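What follows is each chain in one-letter form.
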Amino acid sequence: MVTIQETELKERGLLAVSSARRLGRPILMSEVHKMDTIDPLSFFNSGSERYLGERFYWKDPSEEVVIIGLGLSKQIQSDQVTDRFFHVEEEWKKFLQDSLIFNPYKENGLGPVMFGGFSFDPLKTKTTLWSKYADSLFHIPKYMLTIVENQTFLTTNIVCTPNDDFTLFEKVIKERVQLLTSLEQDFDCKPAKLIATKEISPLQWKQSVDELVKDLKDGSLKKVVLARELRLIFDNQVKAEVILENLYNQQRDSFLFVFESNGDCFIGATPERLVKKQGNDVFSTCLAGSIKRGKTEFEDEILGQTLLNDQKNLIEHGFVVEMIKEALAESCEEIILPEKPQLMKIRDIQHLYTPVIGKCQKDASLLLLVERLHPTPALGGLPKQEAVEKIRQIEELDRGFYAAPLGWVDYRGNGEFAVSIRSGLIQGMEASLFAGCGVVSNSDSESEYMETSLKFSPMLRALGGK
Ligand SMILES: C=C(O[C@H]1C=CC=C(C(=O)O)[C@@H]1O)C(=O)O
Ligand SMILES: [Mg+2]
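Here we summarise the structure given alongside this text. Every value quoted in this text rests on a predicted model; they were computed, and no experiment measured them.

1. Remarks on the environment of H87
- The topology assignment puts H87 in helix 3 (residues 84-96).
- When the C-alpha positions of H87 and D310 are compared, they lie 42 Å apart, and in sequence the two are 223 residues distant.
- Setting aside anything within four residues of it in sequence, one finds H87 in contact with S78, Q80 and S136.

2. A short note on the pairing of strand 23 (residues 430-439)
- Buried residues dominate strand 23, accounting for nine of its 10 residues.
- Here strand 11 (residues 223-234) pairs with strand 23 via 10 bridges, running antiparallel. When the bridges of strand 23 are listed, I233 appears paired with E430.
- Taken together, the five bridges between strand 22 (residues 423-427) and strand 23 define a ladder with antiparallel strand orientation.

3. Some remarks on the pairing of strand 10 (residues 194-199)
- By the criterion of burial, strand 10 is predominantly exposed, with just zero of the six residues buried.
- Judged from the five bridges that link them, strand 10 and strand 11 form a sheet pairing that is antiparallel. Across the sheet, E199 pairs through a bridge with L230, a residue of strand 11.

4. As for the packing of helix 3 against helix 9 (residues 366-373)
- Between helix 3 and helix 9, whose axes approach to 9 Å, the crossing angle comes to 165°. Taken together, the axis directions place helix 3 and helix 9 in an arrangement best described as roughly antiparallel. In this structure, helix 3 meets helix 9 at a crossing whose hand is right-handed. Across the interface between the two elements, F85, V88 and E89 of helix 3 pack against L367, L368, V370 and E371 of helix 9.

Definitions and limits used
- Residues numbered from 1 in each chain as written.
- Chains lettered and ligands numbered in written order.
- Predicted model: local features only at pLDDT ≥ 70, side-chain atom pairs only at ≥ 80, totals over all residues.
- Helix = DSSP H or I, 4+ residues; strand = E, 2+ residues; numbered from the N terminus.
- Contact = placed C-beta atoms within 7 Å.
- Buried ≥ 20, exposed ≤ 12 C-beta atoms within 10 Å, placed from the backbone.
- Pairing = 2+ DSSP bridges.
- Axes fitted to C-alpha atoms, helices over the stretch in contact; angles between N-to-C directions.
- Parallel < 35°, antiparallel > 145°, perpendicular 65-115°, else oblique.
- Left-handed = near helix turned anticlockwise from the far one by under 90°.

See below:
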């Protein structure tokens, strides 16, 4: 195991304390160490007692970047409705101001990173379902494991106040040693058993699709995504560690995320990137239009070809391409995308997929791109504002963080946000799963209902219900 120079942390910490005294406010000290290989799931599990409720996990589909955070060195949260993206950005900049960052590496996702996201619609009346998540919520962890380009790094973040002294650093050193030595311990946990599932108002949901279709036929709205909920009851507390490991084994081609807050846990395996930023390179994804997987290779191929040629799905997809192109054009000089959609095949479902690449202007921050893109018509509809209002009006579900941007930004401004679909909220011995579908003027409520049922599958399987 790599041993970390402990005297260094004390020296760096004391520098931050003297800075804090000089400026009369807390100052962040962040240091990055390169480590021997650490298994990311063990790192997440090692926080199951001490950092329970203060953990996050992130992995992109190709595992280019895996980030796990334990503990909280800072929380950025607000229920502010207007300018919420800008507000988070300002808070983030304020937090980083005058910070001491000891990071000799160039890789992304190291040093101070904030992880979190935004609710789908801050104007929707909040129910108790999402009471543990503020509309804007980001965590900057105490300890963070990053695996990037097959290298392992540990970031330690300490907020130093004018009143701190070396005892703070002794405490951190002890904590960090404990954390790293606990990694070898086995995590043994009996999975909670699913004892009941309850679809929330399926008939009413189908009816609202029928009514919406009528509106779409003669109004200015072109597309609206409607979602519904499946509530699950278990015989015991559902452990995020167990579900994450299942998702890792069952849905490795997706973005996997866990975001704990105040005792609840938002978790999912989404195939959909909202936006990734690396320097001036921007990557986004249009993902909309769905069909099931075939039972045989032949059937799967036929289904895929059917989807690629299906007018309803092509229209549903086309609205997303149109909007993402426009949204990125505001901040990007060049936008490259294929003319026709391809197929994205994941375990339970296949989608129409169009990747988009752009070169953004220097002043375009990742959060600004998130603001411009959210919600794309894969989650909201077209026109954007009108569709969000319609959803607010007719959808029974309180979406909270479902179908919303979730991801990370590092102190250099690089990062990635996914759209948090194929997800669920764990609340003790219960959980809610969420699934939606793009309704257009020639949608059929029964097939949209079946499509949403299919979209519950990944989370349902991970929770032992399939
Ligand atoms: C809103 C969801 O999926 C979106 C992403 C891909 C395909 C979709 C569709 O075909 O309707 C949806 O737009 C969801 O999974 O809850
Ligand atoms: Mg669809």
